[in-house]
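An overview of the molecular structure
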Amino acid sequence: MKLSKFGQKFTRKSGILQLMHDLGHAMAGDEPMLMLGGGNPSHIPAVEARLRERMEQILATCDEFERVVGNYGPPQGMKQFLEALAGLLRHEYGWPIGPENIALTHGSQTAFFFLFNMLAGLFDDGSTKKILLPLAPEYIGYADVGLTDDFFVASKPEFEFLGDQIFKYRVNFEAVSVTGDVGAICVSRPTNPTGNVITEAEINTLSDLARQHDIPLIIDNAYGIPFPNIIFTEVQPMWAEHIILCMSLSKLGLPGTRTGIVIANEQVIRAISGINAISSLAPSGVGASLVLDLINSGEIIQLSREVIRPYYQHRAEQAIAQLRTELPAEYFHIHKPEGALFLWLWFKNLPITSQELYERLKARRVLVVPGHYFFPGLTEEWRHKHECIRVTYSQDEAVVREGLAIIAEEVKRAYD
Ligand SMILES: Cc1ncc(COP(=O)(O)O)c(C=O)c1O
């Protein structure tokens, strides 16, 4: 079979393919793997109980189940959900939005595929544009979504050292330049893989830059507020006509329903709706139906703030405490964990690459993600890219404990 350019691009070896492949095998294989590599959220009993209750309600209500699974929804997504969410965001944050500012997609990953290719790539006049990622490292899932090559531009971060082996990446605004070939700026906040939450000042400067250059700022809020609120610092979410805020029900505990949410001006929403119609007719309404009541009542905010956030914060603290007891301090730094499900570990001057460390860990049944995949758009060689790994702490406590112990052993072995 001969593949088109599209076929070749989307089947060749990529970070996200390797990750999803490993994850699939780890979940399905006979040999139990310690999965510290994926982005699966935890199974939090109190959240699952609430979702189960809601599903039972759907099943018990005359016709509701049949409507949820038996009808195509509109290409923009389930109307009641769009209205409910617009109401919640107006009420919570005073944003001037209505249902016409929201569209659903099959997971927010799909939203990035649509948005990035809408705003960058090849244009009518033959010119090309890129997506600017102002803070590398960034989410691995962006790396391969462009329909054309050379799709991203990124800059090295600055380092802030906070003591106790904790550091934080900061946007280096001296290096960020919004040239004419930038179609949009995008940042995940909290950031996957580092758990960084870029500061209020940083996000405001990025927003100003985008506005001045008349391009959108895409904020990936997959872990942010108001839900799932896996964010351990106090932040103000932001939205304006030039901001495209992407959200998701995945990290709330519903990755299987594939529900992404785009909040943007009407022109963007009409475009997403059109691409939904062409690529898949309509987004699924299952996730939207499951959380509709929680959104209407506002309970989704409490559940996120009082159950989900403290749960992950505790898991992050546990993981750090274990690493501090099992690894000598001079071997590692940890990015300040301000949100999301990951620890970003930096082994300065590690004698082997993070890819080799990944292989050694895999041989011992521990899956992590080597750091170099998280620098889309940063083409220059930089040793730091090969000194970091991303470790997920959302799996069962025993799995994380055993996995971290093996990571500590292998890192010591690599240095010694
Ligand atoms: C930062 C970030 N954005 C987007 C996604 C995509 O999530 P989904 O497609 O499940 O909504 C993920 C998933 O891990 C993520 O970490």
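These notes cover the structure that comes with them. Quick caveat: nothing in here was measured; it's all calculated off a predicted structure.

Attention now goes to the pairing of strand S8 (residues 182-188). With respect to burial, S8 is a largely interior element, seven of its seven residues being buried. Bridging between strand S4 (residues 128-133) and S8 involves three bridges; their strand directions are parallel. Along S8, the bridge assignment pairs Ile131 with Ala184. Pairing between S8 and strand S9 (residues 217-220): four bridges, direction parallel. Opposite Ser188, over in S9, you have Asp220 as the bridge partner. Running through helix H7 (residues 200-212), the crossover from S8 to the neighbouring parallel element S9 is right-handed.

Further remarks concern the pattern of salt bridges. Counted by the stated rule, this structure contains 21 salt bridges. Across the pair Glu299 and Arg50 runs a salt bridge whose closest N-O atoms are separated by 2.7 Å. Here Glu299, found in helix H10 (residues 299-326), pairs with Arg50, found in helix H3 (residues 45-60); they are 249 residues apart in sequence, far enough to count as distant. Of the residues examined, Glu299 reaches a relative accessible area of 22% and is grouped as partly exposed. Notably, a salt bridge pairs Lys130 with Asp150, separated by 3.4 Å at the nearest N-O pair.

Attention now moves to the site of the ligand. Taken together, 13 residues lie around the ligand, and Asn192, Asp220, Tyr223, Ser248 and Ser250 are the ones closest in. Here a nitrogen atom of the ligand sits 2.6 Å away from a polar atom, N or O, in the side chain of Asp220. Here Tyr223 contributes a side-chain N or O atom positioned 2.6 Å from an oxygen atom of the ligand. Calculation on the ligand without its partners gives an accessible area of 390 Å², and the protein chains cover 93% of this total. Looking at the shell around the ligand, the element that brings in the most residues is helix H6 (residues 107-119), giving four residues. Residue composition of the shell around the ligand, by class: four nonpolar, six polar and three charged.

About the criteria used
- Residues numbered from 1 in each chain as written.
- Predicted model: local features only at pLDDT ≥ 70, side-chain atom pairs only at ≥ 80, totals over all residues.
- Heavy atoms only, no water.
- Buried < 20%, exposed > 50% of the residue type's maximum accessible area, 1.4 Å probe, protein only.
- Helix = DSSP H or I, 4+ residues; strand = E, 2+ residues; numbered from the N terminus.
- Pairing = 2+ DSSP bridges.
- Right-handed = clockwise from strand over helix to strand, strands pointing away.
- Salt bridge = Lys/Arg side-chain N within 4 Å of Asp/Glu carboxyl O.
- Near = heavy atom within 4 Å.
- Polar contact = N/O pair within 3.5 Å; in protein donor to acceptor, adjacent residues only side chain to side chain.
- Areas by Shrake-Rupley, 256 points an atom, 1.4 Å probe, with all protein chains shown as cover.
- Nonpolar A, V, L, I, M, F, W, Y, C, P; charged D, E, K, R; others polar.

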